[in-house]
Amino acid sequence: MEQTRRLVESITKGIQEKKGSDIIVADLSNIEGAICRYFVICTGNSPAQVEAITDSVTDVVRANIGEKPVKVVGLENAQWVAMDYTDALVHIFLPDVREYYDLEHLWEDASFERIITDY
């Protein structure tokens, strides 16, 4: 569990390094049948920022804990990028796409932690 928590912390650090906003960590570990332990959800304001956040998360996680994502999808149009780290899934959205899919409400049984940013 400690390794997973370090993974989530590294993911959020990577997001913050590129000024991703509205960062939410959803703890799914108590939900039977959940596909992973954590969702980390954030917003980038442009496709370029979504790509930069994706690259930053990859770099920070690799540097801090030596892991790389199993799969990354969505970079073609960079409106919604999903990064699979097995125990944690990272979702990086453009604002309107995040609002449309509203993942936070799909997993409303999870406990949520909002990451406060100072930018």
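Up top is the structure.
Residues numbered from 1 in each chain as written. Predicted model: local features only at pLDDT ≥ 70, side-chain atom pairs only at ≥ 80, totals over all residues. Heavy atoms only, no water.

Things to note about a negative patch on the surface
Right, on to step 1. Taken together, the side chains of Glu17, Glu51, Asp55 and Asp59 present a region of like negative charge at the surface.
Right, on to step 2. Tracing the chain through its elements places Asp55 in helix α2 (residues 47–65).
Right, on to step 3. Take Asp55: its relative accessible area is 46%, and that puts it in the partly exposed class. (Patch = residues over 30% accessible without salt bridge, like charges linked within 9 Å, V, L, I, M, F, W, Y side chains within 5 Å. Areas by Shrake-Rupley, 256 points an atom, 1.4 Å probe, with all protein chains shown as cover. Salt bridge = Lys/Arg side-chain N within 4 Å of Asp/Glu carboxyl O. Lys, Arg positive; Asp, Glu negative; His and termini not counted. Charge placed at Lys NZ, Arg CZ, Asp CG, Glu CD. Helix = DSSP H or I, 4+ residues; strand = E, 2+ residues; numbered from the N terminus. Buried < 20%, exposed > 50% of the residue type's maximum accessible area, 1.4 Å probe, protein only.)

Digging into the nonpolar core
Right, on to step 1. Counting residues in hydrophobic clusters, the biggest one holds 35 residues, and the most contacted among them are Ile11, Ile15, Phe39, Val57, Tyr85 and Ile92.
Right, on to step 2. Elements with a contribution of two residues or more to this core: α1 (2–17), β1 (21–27), β2 (38–43), α2, β4 (80–84) and β5 (88–93).
Right, on to step 3. In this structure, Val57 is in contact with Ile11, Gly14, Ile15, Met83 and Tyr85, ignoring residues within four places of it in sequence. (Core = buried A, V, L, I, M, F, W, Y, C linked by side-chain atoms within 4.5 Å. Contact = heavy atoms within 4.5 Å.)

Some details on the packing of aromatic side chains
Right, on to step 1. Applying the stated criterion to the full structure yields four aromatic pairs.
Right, on to step 2. Ring centres 5.6 Å apart and planes at 75° place the aromatic pair Phe39 and Trp107 in the edge-to-face group. Residue Phe39 is found in strand β2, and its partner Trp107 is found in the loop between α4 (103–106) and β6 (111–115); the two are separated by 68 residues along the sequence.
Right, on to step 3. Given a relative accessible area of 3%, Phe39 falls into the buried group. (Phe/Tyr/Trp six-rings, centres within 6.5 Å; stacked < 30°, edge-to-face > 60°.)

Some details on α2
Right, on to step 1. Over its 19 residues, α2 runs 27 Å from end to end, which matches the ideal 27 Å to within 8%, given 1.5 Å per residue.
Right, on to step 2. Regarding α2, the residues found buried are Gln49, Val50, Ile53, Thr54, Ser56, Val57, Thr58, Val60, Val61 and Ile65.
Right, on to step 3. For α2, the elements touching its buried residues are α1, β2, β3 (71–73), β4 and β5.
Right, on to step 4. Phi turns positive, to about 75°, at Gly66, one or two residues after α2. (Expected span 1.5 Å × (residues − 1).)

Side note on unusual backbone geometry
Right, on to step 1. Despite not being glycine, Asp22 has its phi angle at roughly 50°, a positive value.
Right, on to step 2. With phi around 45°, Asp102 is a residue other than glycine that occupies positive phi space.
Right, on to step 3. Of note, Asp102 is situated in the loop between α3 (95–101) and α4.

Comments concerning the environment of Met83
Right, on to step 1. Positionally, Met83 belongs in strand β4.
Right, on to step 2. With relative accessibility at 0%, the residue Met83 sits in the buried group.
Right, on to step 3. For the pair Met83 and Lys19, spaced 64 residues apart in the sequence, the C-alpha separation amounts to 18 Å.
Right, on to step 4. Not counting chain neighbours up to four residues away, the residues in contact with Met83 comprise Thr54, Val57, Thr58, Pro69, Lys71, Val72, Ala88, Leu89, Val90 and Ile92.

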